[in-house]
Amino acid sequence: MSELIELKSQWEAFKIENPKVRIRDAAKQLGTTEAELLTTAIGTSVTRLKNEFQDILKAVEPLGTVMALTRNDFCVHERKGIYSNVSFSGPMGLAVNPDIDLRLFMYAWCSAFAVDENERKSLQFFSKDGEAIHKIYLIEISNADAYETLVRNFASDEQHALLNIEKDHTVAEEKPDADIDVSAFQQGWITLKDTHAFHGLLRKFGVTRTQGLRLAPEGHAVQISYESLKRIFYKASDTDIEIMVFTGNKGCIQIHTGTVKKLVQAGPWFNVLDPDFNMHLREDGIAAVWLVKKPTEDGIVTSIEVFDTEGTIIVQFFGKRKPGIPENENWRLMVNELAEMI
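Keep in mind the model is a prediction, meaning the values are calculated, not measured.

Under the counting rule described, the total for this entry stands at 23 salt bridges. Among the ionic pairs, E12 bridges to K15, the shortest N-O distance being 3.5 Å. Here the residue E12 and the residue K15 both occupy positions in helix α1 (residues 2-17), the gap between them amounting to 3 residues, near one helical turn. Across the pair E340 and R231 runs a salt bridge whose closest N-O atoms are separated by 3.4 Å.

Laid out in structure tokens, this is it:
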């Protein structure tokens, strides 16, 4: 209890001295986690929810239009829409809609809270290490009464601050290239039928994602400059080419499909600031950008994949497409024209 009181005191003092610092960054500066900071306000502005994550997500639709937020250390993805068509198969979940489009990995979800701070209401979900997996914010047109009903229905009987934080920051080690059957790996790549099979291909040959890109068949993966990625974004904005933006973490991938219009540079952040979609990409966290081509039954699918220094994927970009429909030729031409190899 004394540790909680001390953390609460530190957090309150920090907010006074640093009113513009976000809670995720504050937690790192205070040597704690975002989830633990939230628990200091249980009983006032925070309500602990039951660990019935699937049922909670299925109950969000009556809230109407909300803002979904999924992020990692270097990319924040915000999309407004309605939580429809939420379904689960074991620990895997989907929400497939034109606006709220999610891939959910429930084995990583550990705690949930309803947060009402500065008159901004939200549902927030965290992993075992106290990192945020996904957040759902009410906006002006959301149904606040439905939100209150959801919170009452799912409020935990135990409004305590205890969290069993388990730190797990392991970086995948690469096998030596000499230990990999590169020829067979490349053949497996060339014969891909679906982009979703790519992860299985990497796992089969025991290669990390960036190592797999290095060992790709000729012409299927090249490293490009970050500046050329920005040029692609500006061209997409100018020409109204619809793209797909995938941002995620261990528990959730969030997808935007559509145009990107208002592009704004703010310090180290490159931003998309459109009415229904925002992306905030922190440039100084980027270690590598790759242009990747994967065969499918519908033809080549071209993506841009952005990585941090540990080889963790930050964000992916595709041209708008659906299974059974070939890739947008304008996207492919634009990327091949503007991508600057390094």
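In this section: the domain arrangement of the protein chain. Size of an interface, as often reported, equals the accessible area lost when the parts are brought together. The assigned domain composition of the protein chain is domain 1 (1-83 + 111-154) and domain 2 (177-338). With 17 residues of domain 1 in contact, the opposing surface of domain 2 contributes 24 residues. If you sort the residues of domain 1 by the area they bury against domain 2, F74, H77 and R79 come out on top, with a joint share of 38%. For the pair domain 1 and domain 2, the interface holds 1 salt bridge. In this structure, the salt-bridge partner of D129 is K250, at a minimum N-O distance of 3.2 Å. Our enumeration of links across domain 1 and domain 2 arrives at 17 residue pairs in polar contact (both at pLDDT 80 or more). Taken together, the elements giving at least two residues each to the side of domain 1 that touches domain 2 come down to β2 (66-71), β3 (75-81) and β9 (132-138). Looking at the side of domain 1 that touches domain 2 element by element, the count peaks at 6 residues for β3.

We now examine the nonpolar core. Grouped burial of nonpolar side chains is what soluble globular proteins tend to show. Core analysis: the largest hydrophobic core is formed by 31 residues, its most contacted members being L57, Y83, W109, L123 and F125. Only α4 (53-58), β2, β4 (86-89), β6 (101-105), β7 (111-117), β8 (120-126), β9 and α5 (144-154) provide two or more residues apiece to this core. With 5 residues, α5 is the single largest residue contributor to this core. In contact with F125, other than residues within four places in its own chain, are F53, I56, L57, W109, S111, A112, E131, A132, I133, H134 and I136. Residues A236, I241, I243 and V272 belong to the second largest nonpolar core, which totals 30 residues.

Time to look at the UniProt feature "domain: Haemin-degrading HemS/ChuX" (unreviewed entry) in the protein chain. With numbering matched to this structure, UniProt assigns "domain: Haemin-degrading HemS/ChuX" (unreviewed entry) to residues 32-154 and 206-338. From the first C-alpha to the last, residues 32-154 spans 26 Å; its make-up is 19% helix and 41% strand. From the first C-alpha to the last, residues 206-338 spans 33 Å; its make-up is 23% helix and 40% strand.

What follows concerns the sheet that holds β2. Overall, antiparallel pairing links the 9 strands, which are arranged β1-β7-β8-β9-β2-β3-β15-β14-β13 in an open sheet. With partners counted over all chains shown, the strands left at the sheet margins are β1 (46-48) and β13 (263-266), one partner each. With direction set aside, neighbouring strand axes in the sheet form an average angle of 15 degrees. Sheet analysis places β2 next to β9, joined by 4 bridges and oriented antiparallel. Each residue of the ladder has a partner; that of L69, found in β9, is K135. Along the sheet face, α5 touches β1, β7, β8 and β9 and points at about 40 degrees away from the line of β8. Strand contacts of helix α9 (residues 226-239): β13, β14 (269-273) and β15 (277-282), with the helix running at about 15 degrees to β14, the strand carrying the most contacts.

Quick look at the environment of L215 now. With respect to the secondary-structure elements, L215 resides in the loop between α8 (209-214) and β10 (221-224). Among the residues examined, L215 registers a relative accessible area of 10% and is labelled buried. Put simply, L215 and F185 are 30 residues apart on the chain and 8.1 Å apart in space, counted from C-alpha to C-alpha. Apart from residues no more than four positions distant in its own chain, L215 is found in contact with D177, I180, V182, F185 and Q186.

Conventions used here
- Residues numbered from 1 in each chain as written.
- Predicted model: local features only at pLDDT ≥ 70, side-chain atom pairs only at ≥ 80, totals over all residues.
- Heavy atoms only, no water.
- Salt bridge = Lys/Arg side-chain N within 4 Å of Asp/Glu carboxyl O.
- Helix = DSSP H or I, 4+ residues; strand = E, 2+ residues; numbered from the N terminus.
- Domains from an automatic or database assignment.
- Contact = heavy atoms within 4.5 Å.
- Buried area = accessible area lost by both parts, 1.4 Å probe.
- Polar contact = N/O pair within 3.5 Å; in protein donor to acceptor, adjacent residues only side chain to side chain.
- Core = buried A, V, L, I, M, F, W, Y, C linked by side-chain atoms within 4.5 Å.
- Buried < 20%, exposed > 50% of the residue type's maximum accessible area, 1.4 Å probe, protein only.
- UniProt positions renumbered as here; feature names shortened; annotations may be inferred.
- Pairing = 2+ DSSP bridges.
- Axes fitted to C-alpha atoms, helices over the stretch in contact; angles between N-to-C directions.

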